[in-house]
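Residue strings, one per chain:
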Amino acid sequence: MKMLAYRFQALARYYFRKMTFRATNYPTRLFSLTRQTKTIEFLKTTDCQVIAEIGVYMGATSTEFAKFLNGRGELHLFDFEDNVLEVTRRLNEMGYHNVIGHGNSRKIMDSYNWSLMKMIQAHKEPVFDYVFVDGAHSWAVDALAFFLTDKLLKPGGYIDFDDYDWTFKDFCFPPFRKMYTREQIETPQVGLLIDLLVKRDPHYTEVTQNKIFQKNRE
Ligand SMILES: C[S@@+](CC[C@H](N)C(=O)[O-])C[C@H]1O[C@@H](n2cnc3c(N)ncnc32)[C@H](O)[C@@H]1O
């Protein structure tokens, strides 16, 4: 009996620790590994040399960005630290050494917005030619990400959003039901941010419908 109680306590401790350390506001595993064909095809028509990817997951698109740059310029990757370290390591192994990782923790209120703040702190002038935004897909995180990215994007540069129509209801991750209202789960939040913030901003011109926008050259 004593042995059983001990085992139960050990199991409870294991799961408590596991839940505490893995607590996250975003799933650690996704099902999609899609390559962003539209993004890469468009990028090939430009001479962008400093690219940022916000939300890299396993690096399918990061790899395409690295191939496009082919050692020139810089590729900045933003995501949770574990993802960034893994993708950066893999790209380095492939011979791409122009990759700069910006990882953040999995604390509930942490995001790439903290890393973007640090970049603004470190650079008085805009640094990016191209920013691909494919992260949290939420108004709460990405409306601020747009504001911060705008400070870092050069005039004439591009901001590219994935998933204009995507909603949280397309995705089975139970914590989302605690984090968002039903209205927020059913509303495409990237679409909201594009319609209300980007399209209404006179400094931006739409170049690919609901996706790629160019920052005007003043
Ligand atoms: C759709 S995936 C990115 C896919 C990737 N761009 C590609 O094309 O393969 C979204 C990414 O956003 C990241 N993300 C979501 N919320 C985040 C947060 N609060 N902080 C950092 N990264 C976050 C996730 O870890 C995930 O890797």
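Residues numbered from 1 in each chain as written. Predicted model: local features only at pLDDT ≥ 70, side-chain atom pairs only at ≥ 80, totals over all residues.

## Examining unusual backbone geometry
Excluding glycine, residues mostly carry a negative phi; peptide bonds, for their part, are mostly trans. With a phi angle near 50°, Y57 is a residue other than glycine that sits in the positive phi range. Looking at the element boundaries, Y57 is found in the loop between strand 1 (50–54) and helix 3 (60–69). By the C-beta count within 10 Å, which is 22 here, Y57 ends up buried. Backbone geometry places N70, a non-glycine residue, at a positive phi of 50°. With respect to the helices and strands, N70 occurs in the loop between helix 3 and strand 2 (74–80). Residue classification places N70 among the exposed positions, given that 10 C-beta atoms sit within 10 Å. (Helix = DSSP H or I, 4+ residues; strand = E, 2+ residues; numbered from the N terminus. Buried ≥ 20, exposed ≤ 12 C-beta atoms within 10 Å, placed from the backbone.)

## Here we look at the site of the ligand
For the ligand, the set of nearby residues contains 20 residues, the closest of which are G55, Y57, T61, S111 and D134. Those elements that place two or more of their residues in the shell around the ligand are helix 3 and strand 2. Its residues assigned to classes, the shell around the ligand shows 9 nonpolar, 8 polar and 3 charged. (Near = placed C-beta within 6 Å. Nonpolar A, V, L, I, M, F, W, Y, C, P; charged D, E, K, R; others polar.)

## Quick notes on the environment of F42
In this fold, F42 is placed in helix 2 (residues 37–43). Of the residues examined, F42 has 18 C-beta atoms within 10 Å and is grouped as partly exposed. As a C-alpha pair, F42 and I212 span 170 residues in sequence and 8.9 Å in three-dimensional space. Those residues within four positions of F42 in sequence are excluded, and the remaining contacts are T208 and I212. (Contact = placed C-beta atoms within 7 Å.)

## With respect to the environment of Y158
Structurally, Y158 is set in strand 5 (residues 153–161). Looking at Y158, the number of C-beta atoms within 10 Å reads 24, which means it is buried. Sequence spacing of Y158 and F128 is 30 residues, and the spatial spacing of their C-alpha atoms is 8.6 Å. With residues near it in sequence (within four places) discarded, Y158 still touches Y130, I212, F213 and Q214.

## Some remarks on the confidence of the model for the protein chain
Mean pLDDT over the protein chain: 91, with 86% of residues reaching 70 or higher. Of the regions scoring below 50 in pLDDT, residues 16–21 engages in 0 contacts with residues more than four places distant in sequence or in other chains. (pLDDT = per-residue confidence, 0-100.)

## Observations regarding helix 9 (residues 189–198)
Turning to helix 9, its buried residues number three or more, namely Q189, V190, L193 and I194. Down the axis of helix 9, the buried side of the element spans an arc of 145°, and every buried residue falls inside it. Close packing links the buried residues of helix 9 with helix 6 (139–152) and strand 5. (Arc of directions from axis to C-beta.)

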